[in-house]
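Structural description and commentary
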Amino acid sequence: MPTYEYKCTQEGTVFDVWQEVGSEAPPCPTCGAPTKKVFRPTRTIFKGSGFYLTDTRAEAGVGKSDAAPPTPPPAASDSKSD
C-alpha cells in the first residue's frame, strides 16, 4: 500500500496516510474537515553522460529509403555566338 499526502481544506494542515489505492480521502486528524490529496512531481535522476543520445537516437537506416535522391536537371547555358 502506498503512502499519500493530504492537505486540510480549512487549516492547511499537511499529513501522510498509508492506505489502499483508490480509497476515500480521510478527514483532517486535527479538526475533522475534508481534505484533498496533494500531488507532487516524481523525482527523476538521470545518471551518466549521454542518456539523451542513446535513448532517442534512431536506428541506422530506419526511415531512410534505399533509392538514390533525384538528380537536378542540367543547367541551361546562356552562351551567345557572335
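To keep things clear, this report deals only with the structure shown in the data block. (Residues numbered from 1 in each chain as written. Predicted model: local features only at pLDDT ≥ 70, side-chain atom pairs only at ≥ 80, totals over all residues. Heavy atoms only, no water.)

1. Some thoughts on the pattern of salt bridges
- Tallied over the full model, the rule gives one salt bridge.
- Across the salt bridge formed by Arg40 and Glu5, the nearest N and O atoms sit 3.1 Å from each other. You can see Arg40 sitting in the loop between strand S3 (35–37) and helix H1 (51–56) and its partner Glu5 sitting in strand S1 (residues 3–8), a full 35 residues away along the chain.
- Under the relative-accessibility criterion, Arg40 is labelled exposed at 58%. (Salt bridge = Lys/Arg side-chain N within 4 Å of Asp/Glu carboxyl O. Helix = DSSP H or I, 4+ residues; strand = E, 2+ residues; numbered from the N terminus. Buried < 20%, exposed > 50% of the residue type's maximum accessible area, 1.4 Å probe, protein only.)

2. Points about the packing of aromatic side chains
- Counted under the stated rule, the structure contains one aromatic pair.
- Sitting over the face of the ring of Tyr4, Lys37 holds its NZ or CZ atom 3.9 Å from the ring centroid. (Phe/Tyr/Trp six-rings, centres within 6.5 Å; stacked < 30°, edge-to-face > 60°. Lys NZ or Arg CZ within 6 Å of the ring centre and 35° of its normal.)

3. Overview of the pairing of S1
- Alternating residues of S1 divide into Tyr4, Tyr6 and Cys8, all buried, and Thr3, Glu5 and Lys7, none buried.
- Alignment of S1 against strand S2 (residues 14–18), held across five bridges, turns out to be antiparallel. Counterpart to Lys7 in the pairing with S2 is Val14.
- A loop of five residues connects S1 with S2, the two strands running antiparallel in sequence, and Gly12 in this loop sits at a positive phi of about 85°.
- When S1 meets S3, the two strands line up antiparallel, connected through three bridges. Paired with Cys8 across the bridge in S3 is Thr35. (Pairing = 2+ DSSP bridges.)

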